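What follows is the residue order along each chain.
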Amino acid sequence: RKKKRKKPWKTLNKNHIMTMPNKLWEFDIKYGFIHGENRFFFILLFVDVFSRKVVGNYVGSSCKAGDLTFTLNKAIISEELSAEHDLIIRSDNGSQMSSIVFYEYLEKLERKLIHEFIPPSTPNKNAHVESFFSILELEFIQTHYFKTLVEAYEKTHKFINFYNERRIHS
């Protein structure tokens, strides 16, 4: 029997104390249903742990590693993070998050960015993004009937803007 080798980029998460925004982002993927087209759509989100703000999002008919790299890059640019800024991103062990494409993208970044993975079957270690997904499910996905992907895209972005700008956070 051969021993299973651990992937070199798998760093388990640690407990961090956040004192300012843009130090730790959690991210994950959720799906919704488009009734008019009888198919699913996917939502990828990056949530800042300190401010609970959605700093980056993607909505589409699929969610691959390329979409993940694009969304992370867009979030870093929108938050105006410099190369000297320390940032930790945390996710579960999903196929997109542990893909070679995403790992190579992180290696090419000229910044101090650490990608932490939560242990399997412990969603509480990614609690802030899971909490947002709970709000998204109860207040948005269950209350809307989507006819097209375009409609799902537009309404999802409106809800995220409402969440970031007007909704009271705990």
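In this text the structure is predicted, and so the values were computed from the model without any measurement.

**Q** Describe the nonpolar core, with residues and values.
**A** Trp-25, Phe-27, Phe-46, Leu-72, Ile-89, Phe-102 and Leu-106 are the most contacted members of the largest nonpolar core, which has 21 residues in total. Counting residues per element, the ones that place at least two in this core are strand S2 (24–34), strand S3 (39–48), strand S4 (54–60), helix H1 (65–78), strand S5 (87–91), helix H2 (100–108) and strand S6 (113–117). With 4 residues, H1 is the largest single contributor of residues to this core. Apart from the residues within four sequence positions on either side, Phe-27 is in contact with Leu-44, Leu-45, Phe-46, Leu-68, Ile-89, Arg-90, Ser-91, Met-97, Phe-102, His-115, Asn-126 and Val-129. Leu-45, Val-54, Val-129 and Phe-132 belong to the second-largest nonpolar core, a separate cluster that totals 19 residues.

**Q** Before we move on, could you go through the packing of aromatic side chains and cite the residues and values that matter?
**A** Summed over the entire model, instances satisfying the criterion amount to 13 aromatic pairs. Aromatic side chains Phe-27 and Phe-46 sit 4.6 Å apart centroid to centroid with 25 degrees between the ring planes, which places their arrangement in the stacked category. Here Phe-27 is found in strand S2, whereas its partner Phe-46 is found in strand S3, with 19 residues between them in sequence. Their ring planes at 25 degrees and their centres at 6.3 Å tell us that Phe-102 and Tyr-105 sit as a pair that is stacked. You can see Phe-102 and its partner Tyr-105 sitting in helix H2, 3 residues apart, about one turn around the helix. Given the relative accessible area of 0%, Phe-102 is considered buried. Owing to a relative accessible area of 17%, Tyr-105 belongs among the buried residues under this scheme. Members of the aromatic cluster, each reached through a chain of ring pairs, are Phe-41, Phe-132, Phe-133, Phe-140, Phe-146, Phe-159, Phe-162 and Tyr-163.

About the cut-offs
Residues numbered from 1 in each chain as written. Predicted model: local features only at pLDDT ≥ 70, side-chain atom pairs only at ≥ 80, totals over all residues. Heavy atoms only, no water. Core = buried A, V, L, I, M, F, W, Y, C linked by side-chain atoms within 4.5 Å. Buried < 20%, exposed > 50% of the residue type's maximum accessible area, 1.4 Å probe, protein only. Helix = DSSP H or I, 4+ residues; strand = E, 2+ residues; numbered from the N terminus. Contact = heavy atoms within 4.5 Å. Phe/Tyr/Trp six-rings, centres within 6.5 Å; stacked < 30°, edge-to-face > 60°.

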